[in-house]
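Single-letter residue listing:
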Amino acid sequence: MESDTSADAIVIGAGAVGCSVALTLAESGIATIVVERDDIAYNASGYAWGGLSAHFGSGVPGPMTEHYRTSIAKHIALYESFGHDASHDWELQKVTSLSLADNEASAEGLKSDVEWMQSEGFDAELIEAQEIYRLEPSIRSGFVGATHVNAGLELDSFSYTQSMATEAKRRGAVFVDGEVAAVNSTNDRVTGITLADGTELSAGLVVAATGPWTSDVEGIPSLPIKPIKGEILRLSRDGNDLQNRVGFNGFNVGRKPDGTVWAGTYEWDRGFDRSVTSEGKDHIFNGVTEYIPSLQHAEIASSTACLRPVAVDGFPIIGSSSICDGLFYANGAGKKGILLSPLIAEWIVDLIHNEVPPPAVVSSARFSEI
Ligand SMILES: Cc1cc2nc3c(=O)[nH]c(=O)nc-3n(C[C@H](O)[C@H](O)[C@H](O)COP(=O)(O)OP(=O)(O)OC[C@H]3O[C@@H](n4cnc5c(N)ncnc54)[C@H](O)[C@@H]3O)c2cc1C
């Protein structure tokens, strides 16, 4: 049995990835401790947009499309298995998206997007101006075409991550507050961790699910991952429009189940700064009001900033360490960490139990020094 100081496995980090790994480990019979220095879902996993989509993103079209699809299916299965009691009080919403083009050249680009999406079986079509304005009358004039894709889901990433933690606890995982200062090993074999206050916890397996913080822990090599900041504005806007997620010029707008309209975002390298800034707010507000002018009158109810863990080649870093037995990486999910979290958990647990390596595109083995 696990205790607060000894277990089979220690997971560092209680974001979506760490909580998913903890749930899957616990389900598979591995006594697990999760150590988190802030709080569950305190970082990016609590403040993401919450989109689950396979038709765009890093490695799409390409080697990640099928993995994203597989992970969406896992989310649906998890959501159905959770039930909807007070501890899982959130929705998995179907979302249609519009990506707009305001000139013929970008409309041509959208046409080829739709062609490959249809060839991959996504429910996607190219629509003309009249249909755009029928679907979303508040979009400014001047758009000539859009992709209309009915292939995504959205969830509240904070509640989802909390749900994963709740289910992990129900299966015996223990959550400990603390900052991991070091992963300990003897003869290149993991023996546990030391917290910043000197407390030692023992385990033969350690899974780093530390998001963008990859070089803070002695004993974990510095992974080639950068924090890439983004911000989301929550706008108060009466009415019931913007049910489609509307994207243009890298910005996105869409209404959430609580009625607020969310607007985002940017991808800036600002180190580990997680603060909300007027520069970021203005950038997003100007970006979205350029194509939905009536949002000028919406009040910004709140805004949040967080850091995506983005690997140097844009793909997750999953696998076992080449320098220390028993150390595993569940990092670098970038812009898709909420989506990929249940699949990353499966990859890690399959590696631990069955020595099945993760797919090459995400494998940590592509970086020889880690
Ligand atoms: C604006 C924005 C929008 C996004 N939208 C989406 C989206 O629509 N869909 C999607 O799939 N993804 C989205 N993402 C990406 C997603 O948020 C991340 O990929 C995901 O949250 C990463 O999860 P994680 O568990 O790896 O990291 P995190 O959530 O950062 O969790 C890592 C945890 O590890 C803890 N930790 C680190 N070091 C230590 C230590 N030494 N000791 C103890 N604890 C430690 C940290 O405190 C942190 O809580 C978005 C991101 C941003 C910024």
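Calculation rules
Residues numbered from 1 in each chain as written. Predicted model: local features only at pLDDT ≥ 70, side-chain atom pairs only at ≥ 80, totals over all residues. Heavy atoms only, no water. Helix = DSSP H or I, 4+ residues; strand = E, 2+ residues; numbered from the N terminus. Buried < 20%, exposed > 50% of the residue type's maximum accessible area, 1.4 Å probe, protein only. Pairing = 2+ DSSP bridges. Axes fitted to C-alpha atoms, helices over the stretch in contact; angles between N-to-C directions. Contact = heavy atoms within 4.5 Å. Left-handed = near helix turned anticlockwise from the far one by under 90°. Nonpolar A, V, L, I, M, F, W, Y, C, P; charged D, E, K, R; others polar. Salt bridge = Lys/Arg side-chain N within 4 Å of Asp/Glu carboxyl O. Domains from an automatic or database assignment. Buried area = accessible area lost by both parts, 1.4 Å probe.

A. Layout of unusual backbone geometry. Cis geometry marks the peptide bond from Val60 to Pro61, where omega comes out at -5°. Position of Pro61 relative to the elements: it lies in the loop between strand 3 (51-52) and helix 3 (65-82). Here the bond from Gly264 into Thr265 is cis, since omega is -15°, no more than 30 degrees from zero. In this structure, Ala41 is a non-glycine residue whose phi angle is positive, near 60°. You can see Ala41 is positioned in the loop between strand 2 (32-36) and helix 2 (44-47). What makes Ala41 buried here is its relative accessible area of 1%. We note that Leu242 has phi near 55°; this positive angle belongs to a residue other than glycine. Its location among the elements puts Leu242 in the loop between strand 12 (225-236) and strand 13 (245-248). In this structure Leu242 comes out as buried when scored by relative accessible area, which is 0%.

B. Representation of the sheet that holds strand 18 (residues 327-331) within the structure. With mixed pairing, six strands are arranged side by side in an open sheet as 7-2-1-11-18-17. Only two strands of the sheet have a single neighbouring strand rather than two, namely strand 7 (174-177) and strand 17 (317-320). In this sheet, neighbouring strand axes are inclined to one another by 20° on average, regardless of whether the strands run parallel or antiparallel. Of the strand pairs in this sheet, strand 17 and strand 18 are connected by four bridges, and their pairing is antiparallel. The residue bridging Ile318 from the neighbouring strand is Ala330, located in strand 18. Most of the contacts of helix 1 (residues 16-27) go to strand 1 (residues 9-12), to which it runs at about 165°, and overall it touches strand 1, strand 2, strand 7, strand 11 (205-208) and strand 18.

C. Main features of the packing of helix 3 against helix 6 (residues 157-170). Running from N to C, helix 3 and helix 6 point in directions that differ by 65°, and their axes come no closer than 12 Å. Read as a crossing pair, helix 3 and helix 6 show a hand that is left-handed. Taking contact as the criterion, the partners of His75, Leu78 and Phe82 in helix 3 are, on helix 6, Tyr160, Ser163, Met164 and Glu167. When grouped by side-chain class, the residues that make up the contact of helix 3 with helix 6 number four nonpolar, two polar and one charged.

D. Spotlight on the pattern of salt bridges. According to the stated counting rule, one finds 21 salt bridges in the structure shown. In this structure, Glu27 and Arg171 form a salt bridge, with 3.3 Å as the shortest nitrogen-oxygen distance. Of this pair, Glu27 sits in helix 1 while Arg171 sits in the loop between helix 6 and strand 7; the two residues are 144 residues apart in sequence, bridging distant segments of the chain. The exposure class of Arg171 is partly exposed, given its relative accessible area of 37%. The shortest N-O distance in the salt bridge between Lys74 and Glu346 comes to 2.4 Å. Of the two residues, Lys74 sits in helix 3 while Glu346 sits in helix 8 (residues 337-354), which places them 272 residues apart along the sequence. Judged by relative accessible area, Lys74 falls into the partly exposed class, the value being 23%. If you follow the salt bridges from partner to partner, you end up with Glu27, Glu167, Arg170 and Arg171 in one network.

E. A look at the environment of Gly152. Within the fold, Gly152 resides in strand 6 (residues 145-154). A relative accessible area of 10% means that Gly152 is categorised as buried. Along the sequence, Gly152 and Phe122 sit 30 residues apart, while their C-alpha atoms lie 9.7 Å from each other. Setting aside anything within four residues of it in sequence, one finds Gly152 in contact with Leu52, Ser53, Gln93, Lys94 and Val95.

F. Molecular detail of the pairing of strand 14 (residues 251-255). Judged by how many residues are buried, strand 14 sits mostly within the fold: four of five residues are covered. Hairpin connection of strand 13 to strand 14: two residues between the antiparallel strands, including Asn249 at a positive phi of 55°. Across four bridges, the pairing between strand 14 and strand 15 (residues 261-264) is antiparallel. Bridge assignment links Arg255 to a residue of strand 15, and that residue is Val261.

G. Representation of the domain arrangement of the protein chain in the model. For the protein chain, the domain assignment lists domain 1 (9-49 + 158-224 + 313-366), domain 2 (93-150) and domain 3 (225-311). Inter-centroid distance (C-alpha atoms) of domain 1 to domain 3 is 29 Å. With 23 residues of domain 1 at the interface, the matching set in domain 3 holds 22 residues. Together, the buried faces of domain 1 and domain 3 total about 1,800 Å²; carbon and sulfur atoms form 65% of this surface. When residues of domain 1 are sorted by the area they lose upon contact with domain 3, Tyr47, Trp49 and Pro212 head the list and together hold 44% of the total. Inspection of the domain 1/domain 3 interface yields two salt bridges. For Arg274, the salt bridge identified is with Asp38, shortest N-O distance 3.7 Å. For the side of domain 1 that touches domain 3, the residue count by class is twelve nonpolar, seven polar and four charged.

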